[in-house]
Amino acid sequence: MKEDSEEVGYMTSVSRPVKGCAGDTGEWRVFRPVKDEEKCNNCLLCWIFCPEATISKDGQEIDYQYCKGCGICAVECPTGAITMVKEEKQ
Amino acid sequence: MVSFKDLPEEELFLAGSTACQGCPSSLALRIAFKALGSNTILIVVASCTSVLQGSYPLSAINLPLMNVAFATGGASASGVAAGVKALVKRGELAEEPTVLVWAGDGGTYDIGIQSLSGAAERETDFIYVCYNNEMYSNTGTQRSGATPLGAWTTTTPGGKVQHRKDIAQIMIAHRIPYVATASLAYPLDFYQKMQKAKGIRGTKYIEMLAPCPPGWKFPSAQMIEVSRLAVQSGMWLLYENEDGETRFTGGTKRIIEGKVKKKPVKDYLEMQGRFRQVLASPEGQEAEDLLEEQVSDSIRRLHGWVPEYI
């Protein structure tokens, strides 16, 4: 069976998984989440609620290359450690 | 008791996808993948998820994935499940992967129901997840069978006049081993339901409410708040049905037990732009009453009676 598939080859196109398949999606951002380390109590709510998987579980570092700035982390943070700050034009 | 610390750190949904800001489907995929692990085959029925996984030749989903046509969720799963079983029997696969179908409400309530019903009747071993955003968001927010009464869509400009249908109850009527509803505001509840479904053989159906910020017209930052209010107002009931026994979970359990007061449906409606028109119209009060009545009716059907404190 294996030989057959090698002869025929792949009939369909296959996509490869990669981080940033839509480019640097951080460029979409209008408001940037900024974390106050002193207020953070490591509750992990921001990590679990980030739809884009840009907040790390360990230390809750925000990956600004891909963060789209949806603002869910700032709304859900129980201690108010994350604030949304307007992005400056570069 | 599972806590956030127990959830795996590994991300099978990769950052930088083509999803909108605050997309409920991408968040649900993240949590589902954490529960199921990497030995999973994903079948995506035509929906927003076909788009948010990225465009060829790149993908944001680090799992074997197959994109299939609208009406074929259940049929494709039957094929894949049979193929996987044959490979295990022949010894080409060491461990049997979980087959997961990911479909929207259009691909479940309207177009995919016959295929899903067939697969459930054949007792196909797979998990079917419907992420219900109550409209055809991918094609520009048209009405679907899941759109609630009063909601604006491009095909119901004055607000929908009919109630939505209850597909979880249709699946329970198939007598499959596991049916559950979930909400993104209760991520551990969703995680545990996915894990439970993984451990059961046969057809499992899990439906999740997915508030779509552009479709429902609310700021993306409020996605979790809207999900939570849907449960707190009773517009979305959290329960699981195992072998015919219904058990309430999460926020709905607290409401039914009388520990928390149910919030008025109006609080939930006012958060969303899609209900603004109907609330401002002379029929606004009537629509609100009808929805409130529907909540009581759903509780009565599931629980047997409506406790007086609700």
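A brief report on the enclosed structure follows. (Residues numbered from 1 in each chain as written. Chains lettered and ligands numbered in written order. Predicted model: local features only at pLDDT ≥ 70, side-chain atom pairs only at ≥ 80, totals over all residues.)

## Details of the overall build of chain B
Within chain B, the secondary structure is distributed over 13 helices and nine strands. The C-alpha atoms of chain B give 19 Å as radius of gyration, which agrees with the globular expectation for 310 residues (19 Å, within 12%). Structurally, chain B occupies a C-alpha span of about 65 × 40 × 40 Å along its principal axes. Looking at the 310 residues of chain B, the share that counts as buried comes to 54%. (Helix = DSSP H or I, 4+ residues; strand = E, 2+ residues; numbered from the N terminus. Rg over C-alpha atoms; globule rule 2.2 N^0.38 Å. Buried ≥ 20, exposed ≤ 12 C-beta atoms within 10 Å, placed from the backbone.)

## Observations concerning the nonpolar core
Residue and element names in this part refer to chain B. Val-101, Val-129 and Met-208 are the most contacted members of the largest nonpolar core, which totals 107 residues. Here this core gets eight residues from one element, more than from any other, and that element is helix 1 (residues 24-36). Among all residues touching Met-208, those that are not within four sequence positions of it are Ala-28, Val-129, Tyr-131, Asn-132, Ala-182, Ser-183, Leu-184 and Phe-190. (Core = buried A, V, L, I, M, F, W, Y, C linked by C-beta atoms within 7 Å. Contact = placed C-beta atoms within 7 Å.)

## Examining unusual backbone geometry
Residues and elements named next belong to chain B. The linkage connecting Tyr-56 with the following residue, Pro-57, adopts the cis geometry, with an omega of 5 degrees. Secondary-structure assignment places Pro-57 in the loop between helix 2 (48-52) and strand 2 (58-59). Phi is positive for Glu-123, close to 55 degrees, though the residue is something other than glycine. If you trace the backbone, Glu-123 turns up in the loop between helix 5 (113-121) and strand 5 (126-132). Residue classification places Glu-123 among the partly exposed residues on the basis of 14 C-beta atoms within 10 Å. Phi at Arg-175 is positive, roughly 55 degrees, even though this residue is not glycine. Inspection of the secondary structure assignment puts Arg-175 in the loop between helix 6 (167-172) and strand 6 (178-183). By the C-beta count within 10 Å, which is 14 here, Arg-175 ends up partly exposed.

## Let's talk about the interface of chain A and chain B
With 30 residues of chain A at the contact, the number on the chain B side is 32 residues. Those elements that provide at least two residues to the side of chain A that touches chain B are strand 1 (16-17), helix 2 (45-49) and helix 3 (72-76) of chain A. The element that contributes the greatest number of residues to the side of chain A that touches chain B is helix 3 of chain A, accounting for four residues. Considered class by class, the residues forming the side of chain A that touches chain B number 15 nonpolar, eight polar and seven charged. Alignment of strand 1 of chain A against strand 2 of chain B, held across two bridges, turns out to be parallel. Its bridge partner lying in strand 2 of chain B, Pro17(A) is registered against Ser59(B). (Nonpolar A, V, L, I, M, F, W, Y, C, P; charged D, E, K, R; others polar. Pairing = 2+ DSSP bridges.)

## Some remarks on the sheet that holds strand 4 (residues 98-104) of chain B
Residue and element names in this part refer to chain B. With mixed pairing, eight strands are arranged side by side in an open sheet as 3-1-4-5-7-6-8-9. Every interior strand has two partners, whereas the edge strands, strand 3 (65-68) and strand 9 (245-248), have only one. On average, each strand axis in the sheet is inclined to that of its neighbour by 20 degrees, with strand direction left out of account. As judged from the five bridges shared by strand 1 (residues 40-45) and strand 4, these two strands associate in the parallel manner. What sits directly across from Ile-41, in strand 4, is Val-99. (Axes fitted to C-alpha atoms, helices over the stretch in contact; angles between N-to-C directions.)

## Thoughts on the environment of Gln222(B)
With respect to the helices and strands, Gln222(B) occurs in the loop between helix 8 (213-216) and helix 9 (223-232). With eleven residues separating them along the chain, Gln222(B) and Pro211(B) place their C-alpha atoms 9.4 Å apart.

## Quick notes on the environment of Ala19(B)
Within the secondary structure, Ala19(B) sits in the segment before helix 1. Ala19(B) gets classed as buried once you count the C-beta atoms within 10 Å, which come to 26. Separated by 157 residues in the primary sequence, Ala19(B) and Ile176(B) place their C-alpha atoms 32 Å from one another. Excluding anything up to four places from it in sequence, Ala19(B) contacts Pro51(A), Ser25(B), Ser26(B) and Leu52(B).

## A few points about the packing of helix 1 of chain B against helix 7 (residues 187-198) of chain B
Packed helices, taken two at a time, are described by the angle between their axes plus the distance between the axes. Residues and elements named next belong to chain B. Orientation of helix 1 relative to helix 7, taken along the N-to-C sense of each, is 45 degrees, at an axis distance of 8 Å. By the angle class used here, helix 1 and helix 7 are oblique. Both helix 1 and helix 7 take part in a crossing whose hand is right-handed. Along the contact surface, helix 1 presents Ile-31, Ala-32, Lys-34, Ala-35 and Leu-36, while helix 7 presents Pro-187, Phe-190, Tyr-191, Met-194, Gln-195 and Lys-198. The residue inventory of the contact of helix 1 with helix 7, partitioned by class, reads eight nonpolar, one polar and two charged. (Parallel < 35°, antiparallel > 145°, perpendicular 65-115°, else oblique. Left-handed = near helix turned anticlockwise from the far one by under 90°.)

## Some details on helix 9 of chain B
The element helix 9 of chain B is largely enclosed, with a buried count of nine among its ten residues. Considered for burial, the residues of helix 9 of chain B that qualify are Met223(B), Ile224(B), Val226(B), Ser227(B), Arg228(B), Leu229(B), Ala230(B), Val231(B) and Gln232(B).

## Observations concerning the packing of helix 3 (residues 73-90) of chain B against helix 5 of chain B
Residue and element names in this part refer to chain B. Running from N to C, helix 3 and helix 5 cross one another at 35 degrees; their axes reach a closest spacing of 6 Å. For the pair formed by helix 3 and helix 5, the contact residues are Gly-73, Gly-74, Ala-75, Ala-77 and Ser-78 on the first element and Ser-115, Leu-116, Gly-118 and Ala-119 on the second. Here the contact of helix 3 with helix 5 is built from residues that sort into four nonpolar, five polar and no charged.

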